[in-house]
Amino acid sequence: MPIDAHIKNMSARKQAVLRTSHEYGMPNRVETWLGAGVPMVIGRREGYRIWDIDGHELQDFHINGGTYNLGHRHPECVAQLIQGLETLDVGNHHFPSEVRGKLSKMLAERAPGDLHYTVFTPSGSEANDVAIKTARKATGRRKIVAFDIAYHGHSGFSGAVGENTNAKYFGSAFEQDFLQVPYNDIDALDTMLKSEDVALLMVETLPATFGFPLPDADYYAQVRQLCDRYGTLLLADEVQTGMMRSGKLWAFENYGIVPDMMVTGKGLGAGLYPMGALVMSKKVGAWLEENGWGYVSTFGGSELGCHVALKALEITTAQSTQDNVADLTIYMRQGLDKLRARYPFFCDIRQLGVIFALGFDDKMGGMQMSVALYQEGLWAMFAGYDRRYLQFKLGILANHAFCDEALNKLEAALQNVSSS
Ligand SMILES: Cc1ncc(COP(=O)(O)O)c(C=O)c1O
């Protein structure tokens, strides 16, 4: 599709970016965003705000799924990266390293139960890949089960897990081994696991791409019991829900369970360095004791990344941050409840901590609100697998003034969409 008509009123600089990206990198994405009325090219970014290179200022409620949990370019994390650059680089992944060791220890100390060993990867997807291989090695079984509405990444194995439209598109769904189960349906899970040939149940603690639906209060306790009964390992993918976003460091802690493995990523690197991590019990990670090179990644556990992650975890777990999350959890909810009472179109609020999804009374309502909010100066992404919902991801270090500004924009967008 020619894009000229869409970009003619933009600055020469922005036109050049869009043309180059369209020509050399992402033709369909450029066309899709232009067609949707979101012609964003991000320039300046600071705290929980981003600016389009033509100047449009936006509050960031997308935060890239938690990547900017601490905000863009958090000054202490930027300083940590710069200080790290004075002596460190990526490091050599074949050898032990001071910062990598420190970060593994910190993750083990801050994870509940017997979660102990960490394998670092350059992304969340790759951490899930390693988890799948680990589960197969530990159980001697091949099958991997995940929720049919879950997203666990786009690399080989992780892409085949959960919602698998994209995996099928690329002929990589491996459907005999990668099976789906409905979310929050304990009987369906029992049926799936009782054949005792499933290596791993991978759960996205709250399925983000489906708009963070909450499970029944006792669902995960029952999931844990079924996994124990049938010898299936349990993995919590905390890439979006971890790092204090749920009010606890890891969202599964809200449900009183300890998985055999958990995966984190995104915010772990403070949005400054790509970091993924698989944390697992000693028993499950026993291969690490016999096969030092069972997983090798040049960039996984980069020393610079670990150095930044140490600071990110320190800020994330500080008592003041935990108190702020508790406060925002209530403050933002009160503001949203008031709006919901006044706009029937705004028909649902899902929430755990500062993880919110807003539901609208139209099958494309989340998408409509995403575009309307963009025009008002707030960027929040619709839920890709259920476009009635808008993911509304508040940063853990935000404050009341930031929430008030967002609530005003939400009201303006609701007025626009309701009257159109
Ligand atoms: C829940 C979840 N798991 C895994 C991933 C994959 O992480 P990455 O994009 O770092 O590979 C994502 C990314 O959005 C995610 O949301």
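### Some thoughts on the sheet that holds strand S9 (residues 261-264)
Phase 1 of the analysis: Spatially, S4-S10-S9-S8-S7-S5-S6 is the arrangement adopted by the 7 strands of the open sheet, whose pairing is mixed. Pairing within the sheet leaves two strands with one partner each, and these edge strands are strand S4 (115-121) and strand S6 (178-181). With direction set aside, neighbouring strand axes in the sheet form an average angle of 20 degrees.
Phase 2 of the analysis: Bridging between S9 and strand S10 (residues 276-281) involves 4 bridges; their strand directions are antiparallel. When the sheet's bridge partners are listed, Met261 is paired in S10 with Met280.
Phase 3 of the analysis: Helix-sheet contacts for helix H6 (residues 124-139) involve S4, strand S5 (143-147), S6, strand S7 (198-204), strand S8 (233-237), S9 and S10, and the interaxial angle to S7 is about 150 degrees.

### Digging into the sheet that holds strand S3 (residues 57-60)
Phase 1 of the analysis: Across the sheet, 4 strands lie side by side as S1-S2-S3-S13; this open sheet has mixed pairing. Either end of the sheet is taken by a strand with one partner, and the two such strands are strand S1 (42-46) and strand S13 (378-379).
Phase 2 of the analysis: Across 2 bridges, S3 lies against S13 in parallel orientation. Across the sheet, Gln59 pairs through a bridge with Leu378, a residue of S13.

### Notes on the packing of helix H4 (residues 75-85) against helix H12 (residues 303-317)
Phase 1 of the analysis: Relative to each other, H4 and H12 sit at 150 degrees, their axes nearing to 9 Å. The angle between the axes of H4 and H12 places the two elements in the roughly antiparallel class. H12 is crossed by H4, and the crossing has right-handed handedness. Across the interface between the two elements, Glu76, Cys77, Gln80, Leu81, Gln83, Gly84 and Leu85 from H4 touch Leu304, His307, Val308, Lys311, Ala312 and Ile315 from H12.
Phase 2 of the analysis: Its residues placed into classes, the contact of H4 with H12 shows 7 nonpolar, 4 polar and 2 charged.

### Some thoughts on the pairing of S5
Phase 1 of the analysis: Here S5 lies mainly inside the structure; 4 of its 5 residues are buried.
Phase 2 of the analysis: In terms of strand pairing, S5 meets S7 through 4 bridges, oriented parallel. Residue pairing across strands places Ala146 opposite Met202, the latter belonging to S7.
Phase 3 of the analysis: With 4 bridges joining them, S5 and S6 adopt parallel strand pairing.

### Considering the pattern of salt bridges
Phase 1 of the analysis: Enumeration over the complete set of coordinates arrives at 20 salt bridges.
Phase 2 of the analysis: When the shortest N-O distance is used, the salt bridge between Glu57 and Arg49 registers 3.1 Å.
Phase 3 of the analysis: Classification of Glu57 as partly exposed rests on a relative accessible area of 35%.
Phase 4 of the analysis: Residues participating in the shared-partner salt-bridge network are Arg49, Glu57, Glu405 and Lys409.

### Brief notes about the site of the ligand
Phase 1 of the analysis: Lining the immediate surroundings of the ligand are Ser123, Gly124, Ser125, Asn128, Tyr151, His152, Gly153, Glu204, Asp237, Val239, Gln240 and Lys266.
Phase 2 of the analysis: In the model, an oxygen atom of the ligand is placed 2.9 Å from a nitrogen or oxygen of the Gly124 main chain.
Phase 3 of the analysis: Asp237 places a side-chain nitrogen or oxygen 2.7 Å from a nitrogen atom of the ligand.
Phase 4 of the analysis: For the ligand, whose unbound accessible area comes to 390 Å², protein coverage reaches 83%.
Phase 5 of the analysis: For the shell around the ligand, the element with the most residues is H6, which contributes 3 residues.
Phase 6 of the analysis: When its residues are assigned to classes, the shell around the ligand shows 2 nonpolar, 7 polar and 3 charged.

### What to know about the environment of Met332
Phase 1 of the analysis: As for its placement among the helices and strands, Met332 is situated in helix H13 (residues 319-342).
Phase 2 of the analysis: We classify Met332 as buried; its relative accessible area is 0%.
Phase 3 of the analysis: Taking the C-alpha atoms as reference points, Met332 and Phe356, 24 residues apart in sequence, are found 9.5 Å from one another.

### Remarks on the packing of helix H9 (residues 186-193) against helix H10 (residues 219-230)
Phase 1 of the analysis: At a closest axis distance of 10 Å, the pairing of H9 and H10 adopts a crossing angle of 15 degrees. Judged on the interaxial angle alone, H10 and H9 are roughly parallel. Handedness of the crossing formed by H9 with H10: right-handed. In this structure, H9 contributes Ile186, Leu189, Asp190 and Leu193 to the contact, and H10 contributes Tyr219, Gln222, Val223, Leu226, Cys227, Arg229 and Tyr230.
Phase 2 of the analysis: Residue classes in the contact of H9 with H10 are distributed as 8 nonpolar, 1 polar and 2 charged.

### Thoughts on the domain arrangement of the protein
Buried accessible area, meaning the area lost when the parts come together, often serves as the stated size of an interface.
Phase 1 of the analysis: Split by domain assignment, the protein resolves into domain 1 (40-73 + 319-419) and domain 2 (75-317).
Phase 2 of the analysis: Once you take the C-alpha centre of each, domain 1 and domain 2 turn out to be 26 Å apart.
Phase 3 of the analysis: Contacts between the two partners involve 33 residues from domain 1 and, on the opposite side, 35 residues from domain 2.
Phase 4 of the analysis: The junction of domain 1 with domain 2 conceals about 2,600 Å² of combined surface from both sides, 60% of it contributed by carbon and sulfur atoms.

About the thresholds
Residues numbered from 1 in each chain as written. Predicted model: local features only at pLDDT ≥ 70, side-chain atom pairs only at ≥ 80, totals over all residues. Heavy atoms only, no water. Pairing = 2+ DSSP bridges. Helix = DSSP H or I, 4+ residues; strand = E, 2+ residues; numbered from the N terminus. Axes fitted to C-alpha atoms, helices over the stretch in contact; angles between N-to-C directions. Contact = heavy atoms within 4.5 Å. Parallel < 35°, antiparallel > 145°, perpendicular 65-115°, else oblique. Left-handed = near helix turned anticlockwise from the far one by under 90°. Nonpolar A, V, L, I, M, F, W, Y, C, P; charged D, E, K, R; others polar. Buried < 20%, exposed > 50% of the residue type's maximum accessible area, 1.4 Å probe, protein only. Salt bridge = Lys/Arg side-chain N within 4 Å of Asp/Glu carboxyl O. Near = heavy atom within 4 Å. Polar contact = N/O pair within 3.5 Å; in protein donor to acceptor, adjacent residues only side chain to side chain. Areas by Shrake-Rupley, 256 points an atom, 1.4 Å probe, with all protein chains shown as cover. Domains from an automatic or database assignment. Buried area = accessible area lost by both parts, 1.4 Å probe.

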